[in-house]
Protein chains: 2
Amino acid sequence: MDPTKTNERSKTPKEAIRQAATELFAASGYAATGVRAIAAQAGVDPALVIRHFGSKEALFLETMRLEGPFLQIVTGPLDGMGERIVRYVLESGSESMGPIFVHLLRASDSEVVRAHVRNAVEDLYVEPVSRRLEGDEASLRARLVAAQIAGLITTLWVVPDPELTAANPGRLARIYGAAIQNIIDGR
Amino acid sequence: MDPTKTNERSKTPKEAIRQAATELFAASGYAATGVRAIAAQAGVDPALVIRHFGSKEALFLETMRLEGPFLQIVTGPLDGMGERIVRYVLESGSESMGPIFVHLLRASDSEVVRAHVRNAVEDLYVEPVSRRLEGDEASLRARLVAAQIAGLITTLWVVPDPELTAANPGRLARIYGAAIQNIIDGR
DNA sequence: CATGTTTGTCAACGCTGTTGACCGTCACGT
DNA sequence: ACGTGACGGTCAACAGCGTTGACAAACATG
């Protein structure tokens with residue numbers, strides 16, 4: 001097979017598959033991305049995809065990881081943290097985190113995917129926020145902050161509300177940030 | 001075919017299909033429910049399902065409609081409305097609305113499904129709330145209330161957080177309700 | 001009674017994720 | 001140097017999916 005055809009810059013075929021999967025899953029989601037399409041873009045036999053990663057689902061999980069510098073937001077001062085969180089979410093929509101969250105939610109039929117998301121949200125959002133909160137029921141309140149973030153993401157990108165996606169980010173951050181701050185402060 | 005086998009109480013086959021689809025979709029969601037399974041439970045040929053409803057997706061949309069007495073909550077006094085909303089959502093989880101929302105979100109790959117959800121949320125939540133809100137940017141704030149509701153549903157049933165599903169509903173309603181009320185009141 | 005329309009049936013299509021059988025290549029112990 | 005596993009890769013095939021074309025039966029309408 002001609003090595004200069006598609007992804008000549010990736011050394012090992014396994015890496016080529018991983019990269020192709022990352023791009024295609026991020027672009028089209030789990031259901032709409034076929035194993036044969038991934039294999040084609042990687043310049044590889046479809047069977048090899050399964051051989052290397054066990055299943056389409058396992059490859060999806062290994063590829064779509066939730067990461068991001070959210071910890072920086074949460075290490076700042078408690079004051080105005082709600083607004084900073086909203087601003088961070090709005091910015092992260094253009095880059096990697098937004099679509100990944102969307103596709104993971106849409107694939108949450110599977111219990112394995114749910115556990116994947118649950119763990120990521122726990123480590124990335126709940127735990128750091130919970131550690132910073134003062135007052136009673138810090139863990140519960142941190143989870144409700146995470147729920148508010150999930151709601152924003154859902155309304156912006158999972159089932160986009162045109163009037164919300166077109167809204168002034170500043171106003172969004174002020175209004176929704178205040179609601180988040182309400183839980184952060186704890187009445 | 002033996003009429004006493006599965007759904008003898010439904011008159012027309014089309015109605016039997018609709019009923020079987022409602023049950024199976026609500027129980028297992030879009031992806032995990034096959035056309036052949038629906039046909040089997042309705043005691044009908046698989047092809048007939050498509051003949052009558054056009055496609056599996058169309059049947060899914062016709063079956064999974066978001067409805068509920070949410071308007072009653074929103075016609076009450078503005079004071080304490082946030083808490084009433086949360087209580088309503090928590091109760092509606094056991095019955096029909098919760099799972100339907102979950103399965104619709106998980107099927108939101110398709111633009112048709114997204115439009116379906118968008119319209120339902122608009123008519124059922126955004127419009128009534130927006131009509132009641134006082135102050136500036138009533139529409140925007142109503143959409144952010146809807147976002148908070150979506151977030152609660154997501155964290156409770158789409159990717160369930162065990163600590164949240166096990167939490168005292170009263171505390172949940174008080175804390176999260178206050179955050180919603182923050183947007184309702186508009187600072 | 002003839003005719004057109006709806007209602008239902010059957011087999012098949014092209015697609016999907018996955019696997020069993022097979023082949024080539026490399027490293028290693030004797 | 002030679003056999004011998006182990007590993008990476010290929011091919012054809014499987015069972016299941018949603019959907020459709022061809023056709024039959026049942027009905028309403030002129």
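All values reported here derive from a predicted model rather than from experimental measurement.

A. Seen up close, the packing of aromatic side chains. By the definition in use, this model includes 10 aromatic pairs over all chains. Ring geometry for Phe70(A) and Tyr125(A): centres 4.5 Å apart, planes at 35 degrees, overall tilted. One end of the pair, Phe70(A), is in helix α5 (residues 70-75); the other, Tyr125(A), is in helix α8 (residues 111-132), and 55 residues separate them in sequence. For Phe70(A), a relative accessible area of 0% corresponds to the buried category. On the accessibility criterion, Tyr125(A) (4% relative accessible area) is buried. These aromatic residues form a ring-pair network of at least three members: Phe25(A), Tyr30(A) and Phe60(A). Of note, Lys14(B) hangs over the ring of Phe53(B), and the distance from its end group to the ring centre comes to 5.3 Å.

B. Layout of the packing of helix α9 (residues 138-158) of chain A against helix α11 (residues 169-185) of chain A. All names here are of chain A. Axis separation between α9 and α11 bottoms out at 9 Å; the angle between their running directions is 165 degrees. By the angle class used here, α9 and α11 are roughly antiparallel. The crossing of α9 and α11 is right-handed. For the pair α9 and α11, contact is made by Arg141, Leu144, Val145, Gln148, Gly151 and Leu152 and by Tyr176, Ala179, Ile180, Ile183, Ile184 and Asp185, respectively. Of the residues that constitute the contact of α9 with α11, the class distribution is eight nonpolar, two polar and two charged.

C. Local environment of the protein's contact with DNA strand C. With respect to spatial proximity, 16 residues lie near DNA strand C, and among them Val35(A), Arg36(A), Lys56(A), Pro13(B) and His52(B) are the closest. Taking all atoms of DNA strand C within 4 Å of the protein, the share assigned to sugar and phosphate is 38%. Within the contact set of DNA strand C, a phosphate oxygen lies 2.7 Å away from a backbone nitrogen or oxygen of Lys56(A). Take His52(B): an N or O atom from its side chain is 2.7 Å from a phosphate oxygen of DNA strand C. Taken together, the elements giving at least two residues each to the surface near DNA strand C come down to α2 (35-42) and α3 (46-53) of chain A together with α3 (46-53) of chain B. Per-element accounting of the surface near DNA strand C gives the leading share, four residues, to α3(B). Its residues assigned to classes, the surface near DNA strand C comprises six nonpolar, four polar and six charged.

D. Quick look at the protein's contact with DNA strand D. As a structural note, the neighbourhood of DNA strand D is formed by 16 residues, with Pro13(A), His52(A), Val35(B), Arg36(B) and Lys56(B) the closest of them. Of everything in DNA strand D that lies within 4 Å of the protein, sugar and phosphate atoms constitute 42%. For DNA strand D, a base oxygen lies 3.1 Å from a polar atom in the side chain of Arg51(B). Within the contact set of DNA strand D, a phosphate oxygen lies 2.7 Å away from a backbone nitrogen or oxygen of Lys56(B). For the surface near DNA strand D, the secondary structure elements donating two or more residues are α3 of chain A together with α2 (35-42) and α3 of chain B. Top contributing element to the surface near DNA strand D by residue count: α3(A), with four residues. Its residues placed into classes, the surface near DNA strand D shows six nonpolar, four polar and six charged.

E. Main features of the interface of chain B and chain A. Taken together, the 39 residues of chain B in the interface contact 38 residues of chain A. A combined buried area of about 3,600 Å² lies between chain B and chain A, and 64% of that area is made up of carbon and sulfur atoms. The interface formed by chain B and chain A holds six salt bridges in total. Measuring nitrogen to oxygen at the nearest pair gives 2.8 Å for the salt bridge that ties Asp161(A) to Arg143(B).

F. Representation of the relation of the copies chain B and chain A within the structure. The operation relating chain B to chain A is a screw motion whose rotation component is 180 degrees, with 0.0 Å of axial translation and a residual RMSD of 0.0 Å. Put plainly, the chains are arranged around a two-fold axis. The C-alpha atom lying nearest the rotation axis in chain B is that of Gly151(B); the distance is 1.7 Å. Looking at the interface residues of chain B, 97% of them are also at the interface in chain A, so both copies use one shared face.

G. Quick peek at the side chain of Ser108(A). Structurally, the position occupied by Ser108(A) is in the loop between α7 (97-106) and α8. Polar side-chain contacts of Ser108(A) include one of 2.6 Å to the side chain of Arg106(B). Excluding residues within four positions of it along the chain, Ser108(A) makes contact with Val113(A), Arg114(A), Arg106(B), Val158(B) and Val159(B).

H. Geometry of empty space enclosed by the protein. Per the stated rule, a full pass over the model turns up one cavity of 30 Å³ or more. Its volume calculated, the largest cavity comes out at about 220 Å³. If you trace the largest cavity, you find 18 residues lining it, with Val121(A), Ala146(A), Ala150(A), Thr155(B) and Val159(B) closest to the centre. Of all elements in the fold, only α7, α8 and α9 of chain A together with α9 (138-158) of chain B reach the threshold of two or more residues within the lining of the largest cavity. At six residues, the largest contribution of residues to the lining of the largest cavity is made by α8(A).

Rules behind the numbers
- In every chain, residue numbers begin from 1 and rise along the written sequence.
- Each chain gets a letter, beginning with A, and each ligand a number, beginning with 1, in the order they are written.
- It should be noted that, the model being predicted, local features are given only for residues of pLDDT at least 70 and side-chain atom pairs only at 80 or more, the latter also being counted only at that level, while totals for whole chains, interfaces and linings use all residues.
- Working from all heavy atoms in the structure, the side-chain values ignore hydrogens and water.
- For Phe, Tyr and Trp, rings pair up if their centres lie within 6.5 Å, where Trp contributes its six-membered ring, and each pair is then called stacked (planes under 30 degrees apart), edge-to-face (over 60) or tilted (otherwise).
- Strands are runs of DSSP state E lasting at least 2 residues, helices are runs of H or I lasting at least 4, and numbering of each runs from the N terminus.
- Only protein chains enter the calculation, and the probe is 1.4 Å; a residue is then buried if its accessible area is under 20% of its type maximum, exposed if over 50%, and partly exposed in between.
- Any Lys NZ or Arg CZ found within 6 Å of a ring centre and within 35 degrees of that ring's normal is scored as a charge over the ring.
- Axes here mean lines fitted to C-alpha atoms, for a helix over just the part in contact, with angles spanning 0 to 180 degrees between N-to-C directions.
- Our angle categories are set so that under 35 degrees counts as roughly parallel, over 145 as roughly antiparallel, 65 to 115 as roughly perpendicular, and the remainder as oblique.
- Working rule for handedness: look at the near helix, and if it is turned counterclockwise from the far one by less than a right angle, call the crossing left-handed; if clockwise, right-handed.
- Any two residues whose heavy atoms approach within 4.5 Å are treated as being in contact.
- Here the nonpolar group is Ala, Val, Leu, Ile, Met, Phe, Trp, Tyr, Cys and Pro; Asp, Glu, Lys and Arg are the charged ones; every other residue, Gly included, is treated as polar.
- By convention in this text, a residue qualifies as near a molecule or strand provided that one of its non-hydrogen atoms is within 4 Å of it.
- Polar contact is the term for a pair of N or O atoms within 3.5 Å; when the atoms are in protein, one must be able to donate a hydrogen and the other to accept it, and sequence-neighboring residues count only if both atoms are side-chain atoms.
- The term buried area refers to how much accessible surface (probe radius 1.4 Å) is lost by two components on association, counted for both of them together.
- A pairing counts as a salt bridge when a side-chain nitrogen of Lys or Arg comes within 4 Å of a carboxyl oxygen of Asp or Glu.
- The fit set for superposing copies consists of C-alpha atoms from residues with pLDDT of at least 70 in both; the fit itself is least squares.
- Lining residues are those with an atom within 4 Å of a point, where the points come from a 1 Å grid over the protein atoms alone and group into cavities, where a 1.4 Å probe fits but cannot get out, or pockets, open sets with protein on both sides within 12 Å along at least five of seven lines.
- Grid points are joined across faces, edges and corners, and a volume is the space filled by probe spheres set on the points.

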